[in-house]
Amino acid sequence: MRQIHVPTLPVLENVLGLSDEIVKNMLARMVLIRTAEEHIAQSVLEKQVFTPCHLYIGQEADAVGVCQALRDTDYVFSTHRSHGHFLAKGGKIEDLFAEIYCRETGCSGGRGGSMHLCDPKIGLLGSSSIVAGCLGIGLGPAFKSKLMGLDNVSVIFHGDCVPEEGVWHEALNFAAVKKLPVIFVCENNLYAASAALADRRVDDNIFEVAAAHGLPTEIVDGNDIFAVHKAATEAVQRARNGEGPQYIETRTYRWLGHVGPFDNIKEGLRDINELNFWKERCPIRNLERKLIETGVMTEQETEALHERTRKIVEDAQAKAVAASKPAPETLLHNVYRREV
Amino acid sequence: MKEERLLTYGDAINEGHRIALRNDPACFVIGQGVNNPWFVGRTTTGLMEEFGPMRIMDSPVSEAAMTGACIGAAMAGMKPIVFHPRMDFMYLTLDQVVNHCASWHYMFNGKVNVPVVIRGIVNRGGEQGAQHSQSPFGVYANIPGLKVVAPATPKDAKGLLIAAVNDPDPVIYIDDRWLYDSVGDVPEGDYETPIGKANVLKTGTDVTVVAASFMVKEAMKAAAELESEGVSCEVVDLRTLKPVDMDTVNTSVAKTGRAVVSIAEWAFASVTDSVTKGIYEANFGRLKSPVRTVTLPDCPAPASKSLEAAYYIYAKDIVKAVKETFR
């Protein structure tokens, strides 16, 4: 397999000239995701949380960089690894924690769990734990936009194993033929559960295969939030302008194993040197360094941000712990909108 | 008395589409061969001319993506009708339909509903063989979150399609090409056949024949034949297979004390078996004989006409089963 697109340290050039305030907000959102995931990992270790949690640590720049390019009225579809997308699109931290604790106050009322998050108010119509499941349904709101002459776009986040599923090809071709305003975002973290990319493809060519379906395609450093955001902004613009579907592949890495709080190094599923290589490319720490270097923030301000975020997360967690579990007598509720 | 307005089952489906499309600009139609009479008969003929290519669309041969796109559009508030000219190809969509469409409203605690109509056409016979002949009613009826309808008459073919489009939940609408030329009274204009309500098509006193889709037509033929032999059949057309209207079925069986259930499907783990179970549960002490069922033999559909003749079920099979309930 070709060894391509292994990023150097993130360049982190503010190419779109975002204001300091916007950049600080993007950092804050990444820190929120990171902090939430660390607390969730701890809750799993402490056996307070049982729903299978697929943690997003290491990939924060992808969700935040893309969602920053979206309006509230744009749609997002996500996967089993959905916490980051939920928070990046504007979901409430309390709603997330309550769902992870499977409480009735959760965003899915305790019926979904970690992998099935939803908030129509922010355009998140749901996340699916079936690999490639959202490749079909995620086309839907874009189909609506096309048929009704609206300018909302739909973003379908998916992992690098999804191009191995047939519906990926169907969805790209369908979107291209119907010129749907949909942005496919492939977060390539190099692993499908424990299977490495090289064991699953003959080449490091997801973006090339996407391009063969007729989609404008870009591959970016997924640890560089400016690069992700620029690619997303341009793709969203083209999609809104009626230029049809777009494809972005981000090259990233998840620091923890496929599911749960462990890094799976001692089980031999990954190499410690590889993990350390990617930790050096931390999307948050490198951005903080850059902002401190360029005088946008001080070291104290970044520390205060982490402290503030920790309190927000712990408050949400405490509310989740205190909330009620769904009552057994509600078991059969909401199978249908209209019971016969 | 108002004069009857006779229409074929196929034309009634076409009219149902027109009403639904006129009623709601969010309604649209997509499927392979939308203008192809070999695929869909006349059921979508002329829709393109009236409603234009933005609302009446052909599709790439991508059952999963096409169906998924319609499910997702419904989540965003559209009213899609996505059709499959042969139900056999709907198996390619099962992930989108079962894991997503059917689960969504429950999994997200009622936050998102999915008002999609997924129309499957049963298209069998003619030596088409195993992969072009199926009618898997039970596959869909087994799934919580789906509603399944299967009209037998032209009136209900139109009324159930309109009801399906108006319904806030996903509806699997199954029509049968063997019924396309059936003629019946079809009211003009906008009306719904209620989902979840069976219909007593013919009253009788001696035996209840419960049927769905094409087998309703055969049950009516069987009833006429048996009538001449002095056996009075009550024919119940299920119309909706999920949720099934056991009240209407059981009211009838309580009266007659005998039942035959007939749907053109494989029997094991089927709608037929579930209805039979429901009859036993409600009428155990009242039944004058065991419930009989008339279903397809437990093998894939064959091609050769000689084997097809042995495979498919008709009025004569219902007549035989009814007679068995009097042994």
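All values derive from a computational prediction rather than experimental measurement.

Caption draft 1: Quick peek at the overall build of chain A. If you tally the helices and strands in chain A, you get twelve helices and eight strands. In terms of overall size, chain A behaves like a compact globule, its C-alpha atoms giving a radius of gyration of 19 Å where 340 residues would be expected to give roughly 20 Å. Projected onto its principal axes, the C-alpha positions of chain A cover 60 × 50 × 45 Å. Buried positions account for 54% of the 340 residues belonging to chain A.

Caption draft 2: Molecular detail of the overall build of chain B. Helix and strand counts for chain B come out as twelve helices and 14 strands. Radius of gyration (C-alpha) of chain B: 19 Å, near the 20 Å computed for a compact globule of 327 residues. Projecting the C-alpha coordinates of chain B onto the three principal axes gives extents of approximately 60 × 50 × 45 Å. Relative to its full complement of 327 residues, chain B shows a buried share of 57%. Here the analysis covers contacts within chain B between residues at least 6 apart in sequence; of these, 81% occur between residues at least 24 apart.

Caption draft 3: Structural detail: the sheet that holds strand S13 (residues 259-266) of chain B. Residues and elements named next belong to chain B. Pairing in this open sheet of five strands is mixed, and the strands run S9-S11-S10-S13-S14 from one edge to the other. Bordering the open sheet on either side are strand S9 (199-202) and strand S14 (292-296), each of which pairs with just one other strand. Between one strand axis and the next, the sheet turns through 25° on average, direction left out of account. Note that strand S10 (residues 207-211) and strand S11 (residues 233-237) share five bridges and pair parallel. Each residue of the ladder has a partner; that of Val207, found in S11, is Cys233. Running at roughly 170° to S11, helix H8 (residues 214-228) makes contact with S9, S10, S11 and S13 of the sheet.

Caption draft 4: Main features of the interface of chain A and chain B. With 34 residues of chain A at the interface, the matching set in chain B holds 41 residues. Among the secondary structure elements, those contributing two or more residues to the side of chain A that touches chain B are strand S2 (124-127), helix H5 (133-137), helix H6 (139-148) and helix H7 (166-177) of chain A. Class assignment of the residues belonging to the side of chain A that touches chain B gives a composition of 17 nonpolar, twelve polar and five charged.

Here is what the cut-offs are and how they apply
Residues numbered from 1 in each chain as written. Chains lettered and ligands numbered in written order. Predicted model: local features only at pLDDT ≥ 70, side-chain atom pairs only at ≥ 80, totals over all residues. Helix = DSSP H or I, 4+ residues; strand = E, 2+ residues; numbered from the N terminus. Rg over C-alpha atoms; globule rule 2.2 N^0.38 Å. Buried ≥ 20, exposed ≤ 12 C-beta atoms within 10 Å, placed from the backbone. Contact = placed C-beta atoms within 7 Å. Pairing = 2+ DSSP bridges. Axes fitted to C-alpha atoms, helices over the stretch in contact; angles between N-to-C directions. Nonpolar A, V, L, I, M, F, W, Y, C, P; charged D, E, K, R; others polar.

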